[in-house]
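Residue-level listing of the chains:
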Amino acid sequence: MSVRVAVVGIDGCGKSSIIARLRRESVDREIMPITCPDFHETPNAPMYELSRQLKAIGEAADAVGNAVVKAATLYLRMTLYGPVEDFFLGTYRPGVLICERHPLIETLVYGPVYRRLARAARRRPDELETILAAAEQRVPGARAGLRYWQALQGGRTGIGSDIWTVIDEVAGILDSGTAGAVPRLAEVYRTRLPDTVLWLDTPVEEAVRRLVERGGGREIHESARYLTGLREGYLGIGSELQQHCPGVRFERIANADADGSEEVIARCLAATREPAAP
């Protein structure tokens, strides 16, 4: 059975660099790195076009500052996780599947932050068409892709039939606490908690500096204020998982190097020698 490792942390902590290095160094497929929720950035991943379409809608929502649509598309993107994970585990059978982010962990951490962002925002249903039109220009088929997948997932999980209520429905799950939310989210995302979570704990000031240097469009939550809340969220979830999910290893790696911490690389490689959780 494959060991499943999640590399997590606030934006700017170095996750992408770690995954890129692991991808270059895992030519024997004993280790297979994948990216969540940008599944289209993973070589040979299924759901490629839908992943691109949903991301384009989220980026269009970011551009106009619409936190409600952004949160909804993040959720829908993460519902791709189960089918993608099943494909790689069943097709390649890697010793270790290493994921940049994980839907269960990220929903527990990012969910409360996006709930606050959505509550502070004015809901603008008329803006959805503007967002979809902008996404359609960048990735043709984005509008149809969203609506079809949204309908499928709404029918399967009871969540997401209305894009304006997705964040409230997910928040309702989180209100049950970690012990109650994990089984429900596992059903929604068609997965389970990873065997090991590696938290790259980077100071918020350093993360913001890296994001500024990276340039490009910034996501709605990428401010010192919200990144601080996210860091606190990872700290809290680590304690919660240790209390309610003792089979999950949650390890903090302080101030990981932006170019790919040697400690993180070594820790990921060491996972090949650890038994998977039953």
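Every value quoted in this text rests on a predicted model; they were computed, and no experiment measured them.

The rules behind each value
Residues numbered from 1 in each chain as written. Predicted model: local features only at pLDDT ≥ 70, side-chain atom pairs only at ≥ 80, totals over all residues. Heavy atoms only, no water. Helix = DSSP H or I, 4+ residues; strand = E, 2+ residues; numbered from the N terminus. Buried < 20%, exposed > 50% of the residue type's maximum accessible area, 1.4 Å probe, protein only. Contact = heavy atoms within 4.5 Å. Salt bridge = Lys/Arg side-chain N within 4 Å of Asp/Glu carboxyl O. pLDDT = per-residue confidence, 0-100. Axes fitted to C-alpha atoms, helices over the stretch in contact; angles between N-to-C directions. Parallel < 35°, antiparallel > 145°, perpendicular 65-115°, else oblique. Nonpolar A, V, L, I, M, F, W, Y, C, P; charged D, E, K, R; others polar.

## A look at the overall build of the protein chain
Here is step 1 of the chain: A count of helices and strands for the protein chain gives 12 helices and 5 strands.
Here is step 2 of the chain: Here the protein chain holds 278 residues, and 56% of them are scored as buried.
Here is step 3 of the chain: Contacts spanning at least 24 positions in sequence make up 80% of the contacts within the protein chain whose residues lie at least 6 apart.

## Description of the pattern of salt bridges
Here is step 1 of the chain: Per the stated rule, a full pass over the model turns up 18 salt bridges.
Here is step 2 of the chain: We note a salt bridge from Glu 49 to Arg 52, for which the minimum N-O separation is 2.9 Å. Residue Glu 49 and its partner Arg 52 are located together in helix α2 (residues 48-64), separated by 3 residues, close to a single helical turn.
Here is step 3 of the chain: A relative accessible area of 34% means that Glu 49 is categorised as partly exposed.
Here is step 4 of the chain: Overlapping salt bridges bring together Asp 38, Glu 41, Lys 55, Glu 59, Arg 77 and Arg 138 as one network.

## Concerning the confidence of the model for the protein chain
Interpreting fine coordinate detail is not advised for predicted regions of low pLDDT.
Here is step 1 of the chain: The pLDDT averaged across the protein chain works out to 86; a share of 88% of its residues lies at or above 70.
Here is step 2 of the chain: The lowest-confidence element of the protein chain is helix α12 (residues 262-270), averaging 71 in pLDDT; the highest-confidence one is helix α4 (residues 81-91), averaging 97.

## Concerning the packing of helix α6 (residues 127-138) against helix α7 (residues 142-157)
Here is step 1 of the chain: Direction vectors running N to C along α6 and α7 enclose 120°, while the axes themselves pass 8 Å from each other. Relative to α7, the element α6 lies oblique. Across the interface between the two elements, Glu 129, Leu 132, Ala 133, Ala 135 and Glu 136 from α6 touch Ala 142, Arg 143, Leu 146 and Arg 147 from α7.
Here is step 2 of the chain: When its residues are assigned to classes, the contact of α6 with α7 shows 5 nonpolar, no polar and 4 charged.

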